[in-house]
Amino acid sequence: MTTHWDLTLVGVRILLLLMGLATTAISFRAYRRDGTRYLRDATVGFGFITLGVLIEGFLYQLTSLTLTQVHIAESVALVIGLGVLLRSFLD
C-alpha cells in the first residue's frame, strides 16, 4: 500500500527532475548560442546532476537495492556533475 509520504516523495522527485531538465536545457541553449567551453561543461554538469535524481528514483522504485546503495549511485552522479560544474568555473 502506498502512503502519502511515498506519493509526496514521488511528487518532489518529479519536480526536481523537471527543474533539472529545464536547467540543463537552458544551459544547452546558451552553449549552442555562444559555443563556449564553460557553458558546455555547465550543461554536462547539470545533466549529470539531473541523471543522479533520475537514477535514484528508478533504482529505488524498480530494484531490490538498499536505500544506502541507491544513495551511493545518486551521490556518484552528483559528485561527477558538481565536479564538471566546478571545472567550468575555474577555467
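Here we summarise the structure given alongside this text.

Parameters and conventions
Residues numbered from 1 in each chain as written. Predicted model: local features only at pLDDT ≥ 70, side-chain atom pairs only at ≥ 80, totals over all residues. Heavy atoms only, no water. Helix = DSSP H or I, 4+ residues; strand = E, 2+ residues; numbered from the N terminus. Buried < 20%, exposed > 50% of the residue type's maximum accessible area, 1.4 Å probe, protein only. Contact = heavy atoms within 4.5 Å. Areas by Shrake-Rupley, 256 points an atom, 1.4 Å probe, with all protein chains shown as cover. Lys, Arg positive; Asp, Glu negative; His and termini not counted. Charge placed at Lys NZ, Arg CZ, Asp CG, Glu CD. Salt bridge = Lys/Arg side-chain N within 4 Å of Asp/Glu carboxyl O. Polar contact = N/O pair within 3.5 Å; in protein donor to acceptor, adjacent residues only side chain to side chain.

1. Digging into the overall build of the chain
At step 1: A count of helical and extended segments in the chain gives 3 helices and 0 strands.
At step 2: Shown N-terminal to C-terminal, the secondary structure of the chain runs as helices and strands in the order α-α-α.
At step 3: Projecting the C-alpha coordinates of the chain onto the three principal axes gives extents of approximately 50 × 20 × 15 Å.
At step 4: The buried share of the chain, taken over its 91 residues, is 22%.
At step 5: Of the contacts formed within the chain by residues at least 6 apart in sequence, a portion of 58% connects residues at least 24 apart.
At step 6: About 6,400 Å² of surface is accessible on the chain, with carbon and sulfur atoms providing 72% of the total.
At step 7: The chain carries 7 positive and 6 negative side-chain charges, and their two centres are separated by 11 Å.

2. Details of the pattern of salt bridges
Pairs can form between side chains of opposite charge whenever their charged atoms are close.
At step 1: Counted according to the given criterion, the structure contains 6 salt bridges.
At step 2: One salt bridge in this structure joins Asp34 and Arg33, with 3.2 Å as the shortest N-O distance.
At step 3: The class for Asp34 is partly exposed, based on a relative accessible area of 43%.
At step 4: Ionic pairing is found between Asp41 and Arg40, a salt bridge with its closest N-O pair at 3.2 Å.
At step 5: Residue Arg40 is classed as partly exposed on the basis of its relative accessible area, which comes to 35%.

3. Focus: the environment of Ser75
At step 1: As for its placement among the helices and strands, Ser75 is situated in helix α3 (residues 67-90).
At step 2: Residues Ser75 and Leu17, 58 residues apart in the sequence, show an inter-C-alpha distance of 15 Å.

4. Some words on the side chain of Asp41
At step 1: Turning to its location among the elements, Asp41 is positioned in helix α2 (residues 37-62).
At step 2: Of note is the side chain of Asp41, whose polar atom sits 3.2 Å from the side chain of Arg40.
At step 3: Residues in contact with Asp41, not counting those within four places in the same chain, are Val84, Arg87 and Ser88.

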